[in-house]
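So the chains spell out like this:
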Amino acid sequence: TTQEPSYARDASMPTQGASATPETPEVPTASALDSRPRFTPSSPADAVPESSISAERFFDPDYDAVLHAMIDHVVQHEGPVLDITLARRIARAHGFQRTGSRIQERIETLAQPRFAHSEETAGTFYWPSGTLPDNDIPFRWPENDSQARSLDDICEQELHSLARYVLAEGKRRL
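Rules used in this analysis
Residues numbered from 1 in each chain as written. Predicted model: local features only at pLDDT ≥ 70, side-chain atom pairs only at ≥ 80, totals over all residues. Heavy atoms only, no water. Helix = DSSP H or I, 4+ residues; strand = E, 2+ residues; numbered from the N terminus. Expected span 1.5 Å × (residues − 1). Contact = heavy atoms within 4.5 Å. Pairing = 2+ DSSP bridges. Buried < 20%, exposed > 50% of the residue type's maximum accessible area, 1.4 Å probe, protein only. Arc of directions from axis to C-beta. Salt bridge = Lys/Arg side-chain N within 4 Å of Asp/Glu carboxyl O. Polar contact = N/O pair within 3.5 Å; in protein donor to acceptor, adjacent residues only side chain to side chain. Core = buried A, V, L, I, M, F, W, Y, C linked by side-chain atoms within 4.5 Å. Axes fitted to C-alpha atoms, helices over the stretch in contact; angles between N-to-C directions. Parallel < 35°, antiparallel > 145°, perpendicular 65-115°, else oblique. Nonpolar A, V, L, I, M, F, W, Y, C, P; charged D, E, K, R; others polar.

(A) Representation of helix H2 (residues 64-78). Spanning 15 residues, H2 covers 21 Å between terminal C-alpha atoms, matching the ideal 21 Å at 1.5 Å per step. Where the residues of H2 are buried, they touch strand S1 (38-39), strand S2 (81-82), helix H3 (83-93), helix H4 (101-111) and strand S4 (123-126).

What follows is the structure, given as structure tokens:
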């Protein structure tokens with residue numbers, strides 16, 4: 001008997017003498033995907049009583065305690081977090097539609113002495129307590145598509161972790 005040639009288009013069809021079940025690449029299980037670190041945006045308003053939030057007092061020095069609590073909350077839950085992202089979250093919690101330079105400067109003035117920070121091309125990243133800018137940190141996957149971050153919103157160490165993950169996954173699939 002003569003054997004017919006095999007073609008890639010026929011790869012899923014078993015040939016005579018071949019196994020009836022074609023080999024498929026290993027796909028991570030749902031539980032393996034669920035165990036990956038996740039990124040979830042925080043709400044700075046959760047850090048203080050709602051009645052204490054005041055857009056009118058935002059620039060007053062006696063309002064620092066409220067802003068400190070909100071900054072701490074965002075950095076601890078989202079950090080490392082980009083300076084503009086931190087300022088934007090706090091501005092929105094106060095009902096500001098735009099985050100101008102005065103708002104960003106106010107938040108940076110309060111955040112810099114409280115947290116370790118690193119300067120990158122995108123801006124300043126604030127790191128949660130107990131984590132230093134030279135620490136290796138895992139990439140945090142979004143909970144869903146609406147929570148995906150832009151590249152500028154992700155610090156270099158986290159992007160390095162993602163690159164290592166992608167390279168390792170590629171090697172496993174070869």
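Past the structure itself, the notes keep going.
(B) Expanded view of the sheet that holds S2. The strand order across the open sheet formed by 3 strands is S2-S4-S3, and the pairing between neighbours is antiparallel. Bordering the open sheet on either side are S2 and strand S3 (117-120), each of which pairs with just one other strand. Relative to S4, S2 runs antiparallel, the two being bridged by 2 bridges. For Val81, the partnering residue across the bridge sits in S4 and is Tyr126.

(C) Highlighting H4. Inspection of H4 places Ile103, Gln104, Arg106, Ile107, Leu110 and Ala111 among the buried residues, and these make up the whole buried set. For H4, the buried positions fall inside an angular range of 160 degrees around the axis, keeping them on one side. Residues of H4 that are exposed and angled more than 90 degrees away from the buried face: Ser101, Arg102, Glu105 and Thr109. In the core, the buried residues of H4 are packed alongside H2, H3 and S4.

(D) Representation of the pattern of salt bridges. A full pass over the atoms with the stated rule returns 7 salt bridges. The salt bridge partner of Arg114 is Asp72, with a shortest N-O separation of 2.7 Å. One end of the pair, Arg114, is in the loop between H4 and S3; the other, Asp72, is in helix H2, with 42 residues separating them in the sequence. On the basis of relative accessibility, which here comes to 23%, the residue Asp72 falls in the partly exposed class. Connected through shared salt-bridge partners, Arg140, Arg149 and Glu158 make up one network.

(E) Spatial organisation of the side chain of Thr99. Relative to the helices and strands, Thr99 is located in the loop between H3 and H4. Classification of Thr99 by relative accessible area gives buried; the value is 18%. At 2.9 Å, the side chain of Thr99 forms a polar contact with the side chain of Arg92. Beyond its immediate sequence surroundings of up to four residues, Thr99 is in contact with Ile84, Ala87, Arg88, Ala91 and Arg92.

(F) Representation of unusual backbone geometry. Residue Gly79 is joined to Pro80 through a cis peptide bond whose omega torsion reads 0 degrees. Tracing the chain through its elements places Pro80 in the loop between H2 and S2.

(G) Quick look at the nonpolar core. Of all hydrophobic cores here, the largest spans 20 residues; its most connected members are Leu67, Ile71, Leu86, Ile90 and Ile107. Of all the elements in the fold, those that place two or more residues in this core are H2, H3 and H4. Tallying contributions element by element places H2 first for this core, with 6 residues. When residues no more than four places from it in sequence are discounted, the contact partners of Ile107 are Phe58, Leu67, Ile71, Leu86, Ala87 and Ile90. With 5 residues, the next largest nonpolar core counts Leu82, Phe125, Ile137 and Cys155 among its residues.

(H) Quick peek at the packing of H3 against H4. Their axes nearest at 9 Å, the elements H3 and H4 cross at an angle of 110 degrees. Considering the angle they form, H3 stands roughly perpendicular to H4. Contacts between H3 and H4 involve Asp83, Ile84, Leu86, Ala87, Ile90 and Ala91 from the first element and Ile103, Gln104, Ile107, Glu108 and Ala111 from the second. Of the residues in the contact of H3 with H4, the class split is 8 nonpolar, 1 polar and 2 charged.

(I) Spotlight on the environment of Arg89. Within the secondary structure, Arg89 is located in helix H3. A relative accessible area of 24% places Arg89 in the partly exposed class. Remark: the alpha-carbon pair of Arg89 and Pro41, spanning 48 residues in sequence, is separated by 9.0 Å. Those residues in contact with Arg89 that lie beyond four places of it in its chain are Phe39, Pro41, Ser42, Pro44, Val74 and Glu78. Side chain to side chain, Arg89 and Glu78 meet in a polar contact 2.5 Å long.

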